[in-house]
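# Coordinates in review
Listed below are the residues making up each chain.
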Amino acid sequence: MNEQIKDFILNFKTQEAFWALADGVMNDSEKQKYLLRFLSFKNNVALLIEDVEKIKTLADEGNPYMQYAYARYHEILMPEPESKDIIIDYCTKAIAGGVADAHMCIALGWRDGDFGEVDHTRYIDEYRKALEEGSRRAFYHHISLLIYGEYDNKADPHKAYDEAECLLNLDTEMPDAMLYRLMGTASEKLGRKADAINCFELAVKWGDMHSIYEEATCAYVDDEGCIIDRQEFIQKLDEGREFGLTESYLLDLFLLDDDTYNALSEQGKATLPDALKDELQLAWLQGDNLAPYFLGQYHENGNYGFTQDHEEAFMWYSRGAILRSPLCYDALAKMILDNHSAPDGYDEAYGYECAYKALNLDNKDPDYIKNVYRGYQKGFLTHHAAMIESFYLPQYEKLTGELLADYDDFDVHEDDNHEYRCDGEQEQEMEEDMQRDKVVGGINPDFAWQTCTECVEEAEERWRNQKNCWEIAELVRTYLKAAKDLLSIQQMINELYATNKRMLDVLHDHPRLKLQLMRCQMDTLYEIELQQGHELSITEDLQNEIKTQEKNIRLADEGRLDEIPQTGHLKRDPVEWTARYEEVIDEAEREAHEQLKDVPRGMGFCFAYWPEKREALARRGVEWRDPHLMNPHVIFD
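Once a new chain begins, its residue numbering starts again from 1 and follows that chain's sequence as written. Where local features are concerned, this predicted model is filtered to residues with pLDDT of at least 70; where side-chain atom pairs are given and counted, the filter is 80 or more; whole-chain, interface and lining totals use all residues. Each side-chain value is derived from all of the structure's non-hydrogen atoms; neither hydrogens nor water enter the calculation.

So, about the overall build of the protein chain. We count a stretch as a helix when DSSP gives it H or I for four or more residues in a row; a strand needs E for two or more, and each element gets its number in order from the N terminus. Of the regular secondary structure elements, the protein chain holds 33 helices and two strands. What the globule rule says is 2.2 Å times the number of residues to the power 0.38, and the radius of gyration is computed from C-alpha atoms. The C-alpha atoms of the protein chain give a radius of gyration of 27 Å, which matches the 26 Å a tight globule of 637 residues would have. The principal-axis extent of the C-alpha atoms belonging to the protein chain is close to 80 × 70 × 45 Å. When burial is assessed residue by residue, the protein chain has 54% of its 637 residues classed as buried. Nonlocal contacts in the protein chain, meaning residues at least 24 apart in sequence, comprise 59% of its contacts between residues at least 6 apart. With the model as given, the accessible surface of the protein chain reaches about 29600 Å², and the carbon-plus-sulfur share is 46%. Taking the 67 positively charged and 129 negatively charged side chains of the protein chain as two groups, their mean positions are separated by 6 Å. For every residue, the accessible area obtained with a 1.4 Å probe (protein chains only) is divided by the maximum for its type, and the residue is called buried under 20%, exposed over 50%, and partly exposed between those limits. A contact between two residues is defined here by any heavy atoms of the two lying within 4.5 Å. Accessible surface is estimated by sampling points in the Shrake-Rupley manner with a 1.4 Å probe; for residues, cover comes only from the protein chains shown. By the counting scheme adopted, Arg and Lys are positive, Glu and Asp are negative, and His together with the chain ends is not counted. A charged residue contributes its charge at one atom only: NZ of Lys, CZ of Arg, CG of Asp or CD of Glu.

Once that is clear, we can look at the environment of G287. By the secondary structure assignment, G287 is in the loop between helix 18 (266–285) and helix 19 (290–301). Sequence-wise, G287 and N371 are 84 residues apart; in three dimensions their C-alpha atoms are separated by 27 Å. Setting aside chain neighbours within four positions, we find G287 in contact with K42, I76, L77 and L323.

Moving on, we get to the packing of aromatic side chains. What describes a pair of aromatic rings is the distance from one ring centre to the other and the angle between the planes of the rings. Only centres within 6.5 Å qualify two rings of Phe, Tyr or Trp (six-membered ring in Trp) as a pair; their planes then separate them into stacked at under 30 degrees, edge-to-face at over 60, and tilted for everything else. For the structure shown, the criterion picks out 21 aromatic pairs. With a centroid separation of 6.2 Å and 10° between ring planes, the pair formed by Y123 and Y127 is classed as stacked. One end of the pair is Y123 and the other is Y127, both in helix 9 (residues 120–132) and four residues apart, which spans about a single turn. With centroids separated by 5.7 Å and ring planes inclined at 80°, the aromatic side chains of Y298 and Y304 adopt a geometry described as edge-to-face. Taken together, the aromatic side chains of Y261, Y293, F294, Y298, Y304, F306 and Y317 make up a single cluster linked through ring pairs. Its end group placed over the ring of W19, K54 keeps NZ or CZ at 4.1 Å from the ring centre. Consider the ring centre and the ring normal. A charge sits over the ring if Lys NZ or Arg CZ is within 6 Å of that centre and within 35 degrees of that normal.

This brings us to the nonpolar core. Of all hydrophobic cores here, the largest spans 75 residues; its most connected members are F18, L21, L35, L39, I55, M66 and Y68. Among the elements that make up this core, the one with the highest residue count is helix 6 (residues 64–77) (nine residues). Each residue touching L39, except ones within four places of it in the same chain, is listed here: F18, V45, Y65, Y68, A69 and R72. With 37 residues, the next largest nonpolar core counts A483, L486, Y497 and I553 among its residues. Residues belong to one nonpolar core when they are buried, are Ala, Val, Leu, Ile, Met, Phe, Trp, Tyr or Cys, and are joined through side-chain atoms within 4.5 Å.

If you want it as structure tokens, here you go:
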């Protein structure tokens, strides 16, 4: 690597490093690699604010790396009302130019609801495309999911650490600082504090500015969030201030509490609000969404010398909401719905919309789902009905610990105290029977549901870890038998929709089996529509997907492979739609992985795996072209 560029990166000379990497990036694979690493750090991108017009000019001239940089800038700062459209537009162009990391901007946008309704299927689809195309940022996301878990996936920080370390060992010239950061976070989760601090120090050494903050909090903040060594904590964060570390501008916020404020002189108390506001505004301008939340809190409550000003509070909460803060969305909802302190013009409908956004961004908070449930029962959020009914309501009991009966049978009390009663005696008796492990209509629903959940969890584990994926199809077949039994149990329909969706997300290479699962999901949606008394838009979407699936299978069965349309950025061999491929793929994959059992599963593994898979299929009479052969102009890492 060029020593001057290396010096820029290691000494946090952000603008110099960016432009040195950008110079000639179109024809230099090494610069491409390091530029994408550089852009993975949020702090780096935020510091390019003075260069954004130049970046846009190069992006509009067709440079895919500048297209991604411009989209990334809008992803982090959301500086314009049309930022969401800009992200999709420029990421699509960057993807066409071979920048796989751009898939992750789109994936996370669908996950967080940036582009409309939250869509977990599109999120997973874009995330997987990024992984398939060798995106390093997608691998970072994979490691993060292993550390924290997501959507009922179990966290496994041990595995996260090992996978990050394995990939790190492949870097021979300049280690990937983000991998050190992730290893530090995994070590913290495992209670290995000394190891975590060492990893964060190495991340800082190799160019990760944010890990200055991670190291400080790991070393000098206890499990309760209290700073145990103020002097060392201040000194550590001050090291990052000269480089523009966002968290350095939050230092006064971290240090402030009632005792600290009361110990100030009268002059200190008088100057504190302006000093705090100046620092927190700097953090906000760099994309931090904690700063506007606390500025909103100070103005709403009038504490620490701030003048109570609800309009100012609402403005800061709104700014944090733009930066995807669930805390800010929740604060906006409370100002409108509970405290009635919001400025004029913000009605109850907008309040519940804010509550819904908070839940989108943090679906593990019981208070958020309770607020959404309350709004839904009062007749708001109807345009989100499909998502609420299929994804959030099945989680309600699990998150809140409260039994949720069939929500179609709930009535709101006239006094509007937000308590609900169930008037469905038949459903109540069925629920009691299920709890006693009784048979309902010849079916044991507890056993059937247990079978479904175990199958989907095992399938997800295999797909997530990319281990024994050839066993997923058999798990789906077992799942389908139990799922079809549950279709006759009205109480289980909403839960069944959610597990069907999860299973569809992990089933690949089996178009006919997938069609069976899609039809099961269609029957589930019909049952939901009967319960709700209205049609769901997602039913029509699934009908169209089924028609496409049936058409492609028919074309394959008739030998008209060239007529099967390609979807997505990467082309795939149409032979994957044939019945013979579907019959032998599991055994071929098992054999290919057995041949490679001693080969590390890191970047570049695909080049060992694809030939083994191709040969295993050939021995079974299937001629298969791998993604590299189908996409000769795409660079796979």
